[in-house]
Amino acid sequence: MKRSTNRIWITQVVPAAGGRRLKVTFRDGEASWAARAPDCWEMKLPGFEPVTCSPYSKVRRGALSSETGAVYLKKFLLRGWRDAFKGMFRTSRAGRAWRGDLLMEKSGFSAPHVRCLIRPAGFFRSESMLITDEVSNAVSVKKRLMDPQYGLAAGTSRRFAFLRAVAEAAARLHAAGICHGDLRTNNILSRETGEGWEFIWLDNERNRKYRTLPRRKRNHNLMQFNTDREPSLADRVCFWRAYARAAGLTGDDRIGTARWIRNRTRERWIRHGFMK
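Residues numbered from 1 in each chain as written. Predicted model: local features only at pLDDT ≥ 70, side-chain atom pairs only at ≥ 80, totals over all residues. Heavy atoms only, no water.

**Q** Would you mind going over the sheet that holds strand 11 (residues 188-193) in detail, with residue names and values included?
**A** Taken in spatial order, the 3 strands of this open sheet run 9-11-12, and their pairing is antiparallel. Only two strands of the sheet have a single partner each, and these edge strands are strand 9 (139-140) and strand 12 (196-201). Across 2 bridges, strand 9 lies against strand 11 in antiparallel orientation. Paired with Val139 across the two strands is Ser190, which belongs to strand 11. (Pairing = 2+ DSSP bridges. Helix = DSSP H or I, 4+ residues; strand = E, 2+ residues; numbered from the N terminus.)

Given below as structure tokens:
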């Protein structure tokens, strides 16, 4: 057994089916994950159900008998031989997602609470798994904007107030030097609190923190948000104005950034057949 560089985490190697060994990383005081790891890896926990996800992952949701609340098991699958090759020299995809979630947590931003990281022991790495708590009472920004049941009808003051809150949250993220790996509306969960809106950041596998966020990274994030087709033009203008104000963008920087985002978004939409 060895301690990871973060003192609250412990890594342990445990035997699994087929004579393989699994490397399990869990929080200090939660050693039960070492015993659960083989069944989690095989996705054999009773009562866990499949969740729709990308073709390069498997996700199950369910509750553990010893705890309240649900957890998600997400197994990252190989996307091809390149993944297998890269796995010999860098951290697994689940490991990078684990680091990204902890980066957000340490920087004061909300992300899914990580419970356990599992990957095969040994030099040759393939699949990997991350286990997180379910984020309760939260809905993606994308779904909240698209579905009328959430009370954000187009053109209403409540909808624009929500978009301003999203923009201000993105500006705070960038002010902290963090570039999100994929800043799209379905990767931001939202829930309303007594003090306003809270945002929980998903898909943190490729997040990076800089002393000062490079302009190109900031612009790329803003382009990712703008590439989503759901927000209307009025929504986009509201978001952009609120972001520019919160980020302190003025003059040529504000105008140049807006043009760059518009042009890159158009190029992507043309490439994907959304417009001519």
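**Q** So, unusual backbone geometry: which residues are in play, and what are the values?
**A** Apart from glycine, the bulk of residues carry a negative phi angle, and the bulk of peptide bonds sit in the trans form. At Met43, a position not held by glycine, the phi torsion is positive, near 55°. Turning to its location among the elements, Met43 is positioned in the loop between helix 1 (32-42) and strand 4 (49-50).

**Q** Give me the lowdown on the packing of helix 7 (residues 233-247) against helix 8 (residues 251-271), citing residues and values where you can.
**A** Contact geometry for helix 7 and helix 8: axes closest at 12 Å, N-to-C directions at 140°. The two elements helix 7 and helix 8 cross, and the hand of that crossing is right-handed. Along its contact with helix 7, which presents Arg236, Trp240, Arg241 and Ala244, the element helix 8 presents Arg254, Thr257, Ala258, Ile261 and Trp269. Split into classes, the residues belonging to the contact of helix 7 with helix 8 amount to 5 nonpolar, 1 polar and 3 charged. (Axes fitted to C-alpha atoms, helices over the stretch in contact; angles between N-to-C directions. Left-handed = near helix turned anticlockwise from the far one by under 90°. Contact = heavy atoms within 4.5 Å. Nonpolar A, V, L, I, M, F, W, Y, C, P; charged D, E, K, R; others polar.)

**Q** Residues and numbers for the nonpolar core, please.
**A** Within the largest apolar cluster, 30 residues are counted, with the highest numbers of intra-cluster contacts made by Phe162, Val166, Ile188, Phe199, Trp201, Phe239 and Tyr243. Elements represented by at least two residues in this core include exactly helix 4 (141-146), helix 5 (157-175), strand 12, helix 6 (215-227) and helix 7. Looking at this core element by element, the count peaks at 9 residues for helix 5. With near-sequence residues (within four places) excluded, Phe199 lies in contact with Ser110, Val141, Phe162, Ala165, Val166, Ala169, Ile188, Leu189 and Ser190. Ranked by size, the runner-up nonpolar core spans 21 residues in total, among them Phe26, Trp33, Ala37 and Cys116. (Core = buried A, V, L, I, M, F, W, Y, C linked by side-chain atoms within 4.5 Å. Buried < 20%, exposed > 50% of the residue type's maximum accessible area, 1.4 Å probe, protein only.)

**Q** Report on the packing of aromatic side chains, specifying residues and quantitative values.
**A** Applying the stated criterion across every chain yields a total of 6 aromatic pairs. Aromatic side chains Phe162 and Trp197 sit 4.8 Å apart centroid to centroid with 70° between the ring planes, which places their arrangement in the edge-to-face category. Linking Phe162 in helix 5 with Trp197 in strand 12, this pair joins segments that are 35 residues apart in sequence. With relative accessibility at 0%, the residue Phe162 sits in the buried group. Residues Trp240 and Tyr243 carry aromatic rings whose centres are separated by 6.3 Å and whose planes lie at 20° to one another, so their mutual orientation is stacked. Note that Trp240 and Tyr243 are positioned in helix 7 at a spacing of 3 residues, about one turn of the helix. One aromatic cluster in this structure is built from Phe225, Phe239, Trp240 and Tyr243. We note Arg36 situated over the ring of Trp33; from NZ or CZ to the ring centre the distance is 4.7 Å. (Phe/Tyr/Trp six-rings, centres within 6.5 Å; stacked < 30°, edge-to-face > 60°. Lys NZ or Arg CZ within 6 Å of the ring centre and 35° of its normal.)

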